[in-house]
Amino acid sequence: MEGLRQEEPLGVVVADDDALQRAYTSAVLRKLGYTPIDAANGTEALELIRGGAAQILVCDLDMPGIDGHELAREVRRDSGDNYIHILMLTAQNQGHERELALEAGVDDFMAKPLDTASLTARMRSAGRLLQRERQLATRNRILAEAKEQIEADLRAAADAQRRLLPAAHSRVGGCAFHSAFMPSHILSGDMFGYFPLGDGLTGFYAVDVAGHGVHASLMSVALGHLLTADYFRAHVFDAVGNPDPAELVRALNARFYTDDGTEYFTMFAGILDETSDTLHFCQAGYPSPCIMTPAGASRRVGDGGFPVALLSSATFESGEISLSEGEFLALYSDGATEAEDPAGRAFGDEGLAQVLNASTTDPAAIPGKLVDALNCWRETRPLDDDLTVLVCERIAAP
């Protein structure tokens, strides 16, 4: 891996008030391939260490001003991620002082008078440890840079995914659509869309890909690219031209099912016929939406259905329900009802009903209010699953 080889000798600060002892120690270190830097006392040594001059400190215990104990404590306090190996010189009878030095952060000791063989062995051991630390630091830096690049790429992918989604508030024929989209991670497995189909018909869908992360988002993006108005229009009518959203779901099941695949998704597809106030729908494992009236009455849509791309033999059926002017349909992914508070209680249908009932006269506010309610319920913790809220409000046709 690039950058792992040692490019220059390790620097060693030699702190000793005895000039002869400093000169001798520095001479031995120089022969061992290190770069010694002399310090006449602990204060000079600390300044050199703080200036990044060395990775090893060889210091005497007894020095004027800052002694070896205080020097070690200051080095440990300042070094942070840049570890400094400390080798202290002590007299043979300073056992108690060594205990204090260990508490201060000293790594190793040598007894006076200095023994060249012992110094050589200890320095080589310290050099190996620090070289290994250098290698680990380089690897960590490379990994951190790679992580930053991956996260930047994921954020770019998330931006591209959001661009596939329609506007948060938009009008299509006799419908006003309002939405909220909140991934649990950077990327999301949710996707939705809506578009005019002509002849007073409006189509819409919501998809929730099983799982999280890149795999789920890739399928959701594929679905977002595929489910254009033209594709929708080409697959949601039966042989005689009647609205049949189940035809679309069957086509997607045939397209995305594989014998060895593990990816699948839930879906709700709808076609609103404004001339007859009829909603034709196919529910494929997606949570049952709720239709609300201005007076606060509600009714559920669908009874579950089977997910898409899980079984090749799965069957899908279309249903019908009235959706008149003034009423609205609220679609939501299971990231809403399954969101848990810190005590592990799910937000559930009751929490959802409270949000819907408080907004019967202002459907446009529902997505934002639901997001706020979930943030409060979760005490601002991120959701464990992606959240999609899509409200289809019946209004007078232009």
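Residues numbered from 1 in each chain as written. Predicted model: local features only at pLDDT ≥ 70, side-chain atom pairs only at ≥ 80, totals over all residues. Heavy atoms only, no water.

**Details of the overall build of the protein**
Of the regular secondary structure elements, the protein holds 11 helices and 16 strands. Its C-alpha atoms give the protein a radius of gyration of 35 Å, more than 25% over the compact-globule value 21 Å for 398 residues. When the backbone C-alpha atoms are referred to their principal axes, the protein occupies close to 105 × 45 × 35 Å. Taking all 398 residues of the protein together, 48% fall into the buried category. Relative to all contacts within the protein whose residues are 6 or more apart in sequence, the contacts with residues 24 or more apart total 66%. Taken as a whole, the protein presents about 19100 Å² of accessible surface, with 51% of it coming from carbon and sulfur. The average position of the 32 basic charges and that of the 59 acidic charges among the side chains of the protein differ by 9 Å. (Helix = DSSP H or I, 4+ residues; strand = E, 2+ residues; numbered from the N terminus. Rg over C-alpha atoms; globule rule 2.2 N^0.38 Å. Buried < 20%, exposed > 50% of the residue type's maximum accessible area, 1.4 Å probe, protein only. Contact = heavy atoms within 4.5 Å. Areas by Shrake-Rupley, 256 points an atom, 1.4 Å probe, with all protein chains shown as cover. Lys, Arg positive; Asp, Glu negative; His and termini not counted. Charge placed at Lys NZ, Arg CZ, Asp CG, Glu CD.)

**Overview of the sheet that holds strand 11 (residues 278-284)**
What the 5 strands build is an open sheet, ordered 8-9-10-11-14; its pairing is antiparallel. Each having just a single partner strand, strand 8 (190-198) and strand 14 (319-322) make up the two edges of the open sheet. On average, adjacent strands in this sheet sit at an angle of 20° to one another, irrespective of strand direction. In this sheet, strand 9 (residues 201-209) lies alongside strand 8 in antiparallel orientation, the contact comprising 8 bridges. The residue bridging Asp190 from the neighbouring strand is Asp208, located in strand 9. (Pairing = 2+ DSSP bridges. Axes fitted to C-alpha atoms, helices over the stretch in contact; angles between N-to-C directions.)

**Some remarks on the nonpolar core**
Counting residues in hydrophobic clusters, the biggest one holds 52 residues, and the most contacted among them are Leu223, Leu248, Leu252, Phe265, Met267, Val308 and Leu329. For Val308, the contacting residues outside a window of four places in its chain are Val249, Leu252, Asn253, Tyr264, Phe265, Met267, Ala284 and Phe316. (Core = buried A, V, L, I, M, F, W, Y, C linked by side-chain atoms within 4.5 Å.)

**Let's talk about the environment of Gln149**
Tracing the backbone shows Gln149 in helix 5 (residues 116-163). A residue is classified by how much of its surface remains accessible, and Gln149, at 46% relative accessible area, is partly exposed. For the pair Gln149 and Ala284, spaced 135 residues apart in the sequence, the C-alpha separation amounts to 37 Å.

**With respect to unusual backbone geometry**
Pro113 follows Lys112 through a cis peptide bond whose omega is -5°. When you line up the elements, Pro113 lands in the loop between strand 5 (108-111) and helix 5. Not every positive phi belongs to a glycine, and Asp199 is a case in point at roughly 60°. Along the chain, the position of Asp199 falls in the loop between strand 8 and strand 9. Phi is positive for Asp277, close to 55°, though the residue is something other than glycine.

**Section: the pattern of salt bridges**
Scanning the model with the defined rule gives 17 salt bridges in all. Between Asp107 and Arg76 there is a salt bridge whose closest N-O contact spans 2.8 Å. Taken together, the residues span a long stretch of sequence, with Asp107 in the loop between helix 4 (95-104) and strand 5 and Arg76 in helix 3 (residues 68-79) at a distance of 31 residues. Judged by its relative accessible area of 32%, Asp107 falls in the partly exposed class. Given a relative accessible area of 22%, Arg76 falls into the partly exposed group. A salt bridge links Glu247 to Arg250; the shortest N-O distance between them is 2.9 Å. Here Glu247 and its partner Arg250 are both found in helix 8 (residues 245-256), 3 residues apart, which amounts to about one turn of the helix. The class of Arg250 is partly exposed, set by a relative accessible area of 30%. Through salt bridges with shared partners, a single ionic network connects Arg50, Glu74, Arg77 and Asp78. (Salt bridge = Lys/Arg side-chain N within 4 Å of Asp/Glu carboxyl O.)

**Let's talk about the packing of helix 6 (residues 213-226) against helix 8**
Remark: helix 6 packs on helix 8, axes separated minimally by 13 Å, with the N-to-C direction vectors making an angle of 130°. The orientation of helix 6 with respect to helix 8, classified from their angle, is oblique. Of the two possible hands of crossing, helix 6 and helix 8 adopt the one that is right-handed. Side by side, helix 6 and helix 8 meet where Met219, Leu223 and Leu226 of the first sit next to Leu252, Arg255 and Phe256 of the second. Looking at the contact of helix 6 with helix 8, its residues break down into 5 nonpolar, no polar and 1 charged. (Parallel < 35°, antiparallel > 145°, perpendicular 65-115°, else oblique. Left-handed = near helix turned anticlockwise from the far one by under 90°. Nonpolar A, V, L, I, M, F, W, Y, C, P; charged D, E, K, R; others polar.)

**So, the environment of Asn375**
Inspection of the secondary structure puts Asn375 in helix 11 (residues 366-377). Distance in space between the C-alpha atoms of Asn375 and Ala137 is 39 Å, their sequence separation being 238 residues.

**Observations concerning the pairing of strand 4 (residues 85-90)**
Summarising burial for strand 4: 6 of the 6 residues are buried, a large majority. With burial as the criterion, each face of strand 4 is covered, one bearing His85, Leu87 and Leu89 and the other bearing Ile86, Met88 and Thr90. Note: strand 3 (residues 56-60) against strand 4, 5 bridges, orientation parallel. Directly across from Ile56, in strand 4, lies its bridge partner His85. Two elements, strand 4 and strand 5, share 4 bridges in a ladder whose sense is parallel. Of the residues in strand 5, the one forming a bridge with Thr90 is Ala111.

**Observations concerning the sheet that holds strand 6 (residues 169-172)**
Pairing between sheet strands relies on hydrogen bonds along the backbone, with the strands arranged either parallel or antiparallel. Strand order in this open sheet of 6 strands is 6-7-16-15-12-13, and the pairing throughout is antiparallel. Strands at the two margins of the open sheet, each flanked by one partner only, are strand 6 and strand 13 (298-300). Within this sheet the neighbouring strands show an average axis-to-axis angle of 20°, counted without direction. Where strand 15 (residues 328-332) meets strand 16 (residues 387-394), 5 bridges bridge the pair, whose relative direction is antiparallel. Considered in strand 16, the bridge of Phe328 is made with Glu393.

All we've got here are geometric facts, nothing functional implied.
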